[in-house]
Amino acid sequence: DVKVTQSSRYLVKRTGEKVFLECVQDMDHENMFWYRQDPGLGLRLIYFSYDVKMKEKGDIPEGYSVSREKKERFSLILESASTNQTSMYLCASSFSYRGPSSGNTIYFGEGSWLTVV
Amino acid sequence: GQSLEQPSEVTAVEGAIVQINCTYQTSGFYGLSWYQQHDGGAPTFLSYNALDGLEETGRFSSFLSRSDSYGYLLLQELQMKDSASYFCASLGGNTGRRALTFGSGTRLQVQP
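Source: prediction; values computed, not measured. Position numbers for residues count from 1 along each chain, tracking the sequence in the order it is written. Working convention: letters from A go to chains and numbers from 1 go to ligands, in the order in which they are written. At least 70 in pLDDT is required for a residue's local features to be given in this predicted model, at least 80 for side-chain atom pairs to be given and counted, and no such filter applies to totals for whole chains, interfaces and linings, which use all residues. Note that water and hydrogens are dropped before the side-chain values are worked out from all heavy atoms of the structure.

> Mind showing me how you'd approach the pairing of strand 3 (residues 18-26) of chain B here?
In regular strands, side chains alternate between the two faces of the sheet. All names here are of chain B. Looking at chain direction, strand 1 (residues 2-5) and strand 3 are connected through four bridges and run antiparallel. If you follow Glu-5 over to strand 3, its bridge partner there is Thr-23. Here, any two strands with at least 2 DSSP bridges between them count as paired. Strands are runs of DSSP state E lasting at least two residues, helices are runs of H or I lasting at least four, and both sets are numbered from the N terminus onward. Taken together, the six bridges between strand 3 and strand 8 (residues 70-75) define a ladder with antiparallel strand orientation. Looking across to strand 8, one finds that Thr-23 is bridged to Tyr-70.

> Please clarify how the pattern of salt bridges should be interpreted in this entry.
It is possible for side chains bearing opposite charge to pair when their charged atoms get close. One side-chain nitrogen of Lys or Arg within 4 Å of one carboxyl oxygen of Asp or Glu is enough to make a salt bridge. Considering all chains together, one arrives at nine salt bridges over all chains under this definition. In this structure, Glu-79 of chain A and Lys-18 of chain A form a salt bridge, with 3.5 Å as the shortest nitrogen-oxygen distance. Taken together, the positions of Glu-79 of chain A in the loop between strand 8 (73-78) and strand 9 (87-94) and Lys-18 of chain A in the loop between strand 2 (10-13) and strand 3 (19-25) put the pair 61 residues apart, joining distant regions of the chain. Buried, partly exposed and exposed residues are distinguished by accessible area as a fraction of the type maximum, computed with a 1.4 Å probe on protein chains only: under 20%, between the cut-offs, and over 50%, respectively. Taking relative accessible area as the criterion, Glu-79 of chain A reaches 43% and is therefore assigned partly exposed. Asp-52 of chain B is the salt-bridge partner of Arg-66 of chain B, the closest N and O atoms lying 3.0 Å from each other. One end of the pair, Arg-66 of chain B, is in the loop between strand 7 (60-65) and strand 8; the other, Asp-52 of chain B, is in the loop between strand 5 (44-49) and strand 6 (53-57), with 14 residues separating them in the sequence.

> Any chance you could explain unusual backbone geometry here in plain terms?
It is generally the case that most residues other than glycine have a negative phi and that most peptide bonds are trans. Residues other than glycine seldom take positive phi values, yet Lys-53 of chain A does so here, at roughly 65 degrees. Among the structural elements, Lys-53 of chain A can be located in the loop between strand 5 (42-49) and strand 6 (56-57). Residue Lys-53 of chain A is classed as exposed on the basis of its relative accessible area of 56%. Phi is positive for Glu-77 of chain B, which is not a glycine, with a value near 45 degrees. Tracing the backbone shows Glu-77 of chain B in the loop between strand 8 and strand 9 (84-90). Judged by relative accessible area, Glu-77 of chain B falls into the exposed class, the value being 53%.

This is the structure we're talking about:
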């Protein structure tokens, strides 16, 4: 079974703190993603990476950065946490697109609930 | 850009059939996927349509019409465990074929 593991399930941080969310996948996937999930807004893409050291902005990158030093690991960094970053953060991974028959399957971790106070 | 629209909530009774619609606008299109998410859990892949028509997987079916920019997820013989949020998603848009854009989700409540 594919395993995407997020290091922390629940975190409480103070405004202005630097926050690291770690994610590891064990399927040798090329792509890794960070999404943010808020009620009524669905899943919004923050950043993604299609290779080691490569990263691309998603729809809501402001206030976030990422790091991918190894293929299996993708980190989300909040340089200075703010209360509007209180949310659930979902990491995911997938193989690169291999054509229509390969589908659009990505595998999610269990999520990290971050509260910024 | 890219956007996917779906109803926010649907209610149905056990044993019934329910359809969750999704309309999309995208520049570049590489198929429509459906994901299920139970409260407190991770989204999991349900179904994918690359071409027009119906795809069936057990009690779940998914339909796509590219000419109408429309798809739906059909759940038959509803069970209480089907109570969850359902998201349509597609590649394309600003990220090309690399990242999925999700709709805002439809919360399905199955009542006894």
